[in-house]
Amino acid sequence: MHIHAYEKLWLALSIVLILLLIGSVTYGAVGPGIAMVSDSGGQIDATALDEDDRFADPRVEQVGENSYEVYVVAFQYGFDPGTIDPIVVPENSEVTFYITSPDVIHGFEVVGTNANTMVVPGEVAEITVEANEPREYGIVCNEYCGAGHHDMEGTMEVVT
Ligand code: CUA
């Protein structure tokens, strides 16, 4: 079969377009995928939190002039820190929470902020908030996690 020169050109162009499309789809899948991995705090052995640098000693840690990291264990039924001792950070700081669970799925919501995430055993949830005004925030679990779910709450204090 004879193919006209223009048809050959269009055929070549459409192959190039298909390759570009495949490339962009592949790149798109890899790009955000990598970003999502770095946005989450990664994987962890839920049965060995006491062997993890962050969660063996849940705490607030200053990591920069105005930035803090908070390592939180969400458990049946409370947050450590948060429930017995409040999470305390200074005003005008950037606070990144790393939260994990040793038992079942919990929620971690700092009421009135954009911090609201599921906490899955084996995974570390990561979420960052700006703590600007001094005030007190409630922390709640919004995933049903058992009989004590409704009492699973804590406090964050942004202080001057
Ligand atoms: Cu923990 Cu509901």
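Nothing here was measured: the structure is a model prediction, and the numbers come from that model.

### A closer look at the overall build of the protein chain
Point 1. Along its length, the protein chain carries one helix and ten strands.
Point 2. Listed by position from the N terminus, the elements making up the protein chain come as α-β-β-β-β-β-β-β-β-β-β.
Point 3. For the protein chain, with 160 residues in total, the buried portion stands at 34%.
Point 4. For the protein chain, the share of sequence-separated contacts (at least 6 apart) that also reach a separation of at least 24 residues comes to 62%.
Point 5. For the protein chain, the accessible surface area stands at approximately 9,600 Å², while carbon and sulfur atoms represent 57% of it.

### Let's talk about the sheet that holds strand β4 (residues 87-90)
Point 1. Across the sheet, which stays open at both edges, the five strands sit in the order β4-β10-β9-β6-β7 with mixed pairing between neighbours. Only two strands of the sheet have a single partner each, and these edge strands are β4 and β7 (116-119). For this sheet, the mean inter-axis angle between neighbouring strands, taken without regard to orientation, is 20°.
Point 2. Pairing of strand β9 (residues 135-140) with strand β10 (residues 153-159) involves six bridges; the strand directions are antiparallel. Paired with Val 140 across the bridge in β10 is Glu 153.

### Examining the environment of Pro 121
Point 1. For Pro 121, the location among the structural elements is in the loop between β7 and β8 (125-131).
Point 2. Overall, the relative accessible area of 26% leaves Pro 121 in the partly exposed class.
Point 3. Spatially, the C-alpha atoms of Pro 121 and Thr 100 are 6.2 Å apart, while their sequence positions differ by 21 residues.
Point 4. The residues touching Pro 121, leaving out its near neighbours within four places in the chain, are Ala 46, Ser 101, Asp 103, Val 104 and Ile 105.

### Describing the confidence of the model for the protein chain
Point 1. Looking at the protein chain as a whole, the pLDDT averages 86, with 80% of positions reaching at least 70.
Point 2. Here residues 26-38 scores under 50 on pLDDT; set against residues more than four positions off or in separate chains, the count is two contacts.

### Notes on unusual backbone geometry
Point 1. Looking along the chain, the bond that leaves Gln 76 and enters Tyr 77 is cis, with omega of 0°.
Point 2. Assignment of secondary structure puts Tyr 77 in the loop between β2 (67-75) and β3 (78-80).
Point 3. Following Asp 80, the chain continues to Pro 81 via a peptide bond in cis, the omega torsion being -5°.
Point 4. Tracing the backbone shows Pro 81 in the loop between β3 and β4.
Point 5. Positive phi values are uncommon outside glycine, yet Asn 92 reaches one of about 55°.
Point 6. Asn 92 sits in the partly exposed class, given a relative accessible area of 48%.

### Describing the environment of Glu 143
Point 1. Within the fold, Glu 143 resides in the loop between β9 and β10.
Point 2. Counting along the chain gives 35 residues from Glu 143 to Phe 108, while the straight-line C-alpha distance between them is 8.5 Å.
Point 3. Beyond its immediate stretch of four places on either side in the chain, Glu 143 contacts Ile 105, His 106, Gly 107, Met 118 and His 149.

### A closer look at the packing of aromatic side chains
Point 1. Applying the stated criterion across every chain, the model contains four aromatic pairs.
Point 2. Relative to Phe 108, the ring of Phe 97 lies with its centre 5.1 Å away and its plane at 55°, an arrangement referred to as tilted. On the criterion of sequence distance, the pair formed by Phe 97 in strand β5 (residues 93-100) and Phe 108 in strand β6 (residues 106-110) is long-range, its members being eleven residues apart. Accessibility classification places Phe 97 together with Phe 108 in one group, the buried group.
Point 3. By the ring-pair criterion, three or more aromatic residues cluster together here, those being Phe 55, Tyr 71 and Tyr 98.
Point 4. When the ring centre of Tyr 137 is taken as origin, the NZ or CZ atom of Arg 135, which lies over that ring, is 3.9 Å away.

About the thresholds
- Residues numbered from 1 in each chain as written.
- Predicted model: local features only at pLDDT ≥ 70, side-chain atom pairs only at ≥ 80, totals over all residues.
- Heavy atoms only, no water.
- Helix = DSSP H or I, 4+ residues; strand = E, 2+ residues; numbered from the N terminus.
- Buried < 20%, exposed > 50% of the residue type's maximum accessible area, 1.4 Å probe, protein only.
- Contact = heavy atoms within 4.5 Å.
- Areas by Shrake-Rupley, 256 points an atom, 1.4 Å probe, with all protein chains shown as cover.
- Pairing = 2+ DSSP bridges.
- Axes fitted to C-alpha atoms, helices over the stretch in contact; angles between N-to-C directions.
- pLDDT = per-residue confidence, 0-100.
- Phe/Tyr/Trp six-rings, centres within 6.5 Å; stacked < 30°, edge-to-face > 60°.
- Lys NZ or Arg CZ within 6 Å of the ring centre and 35° of its normal.

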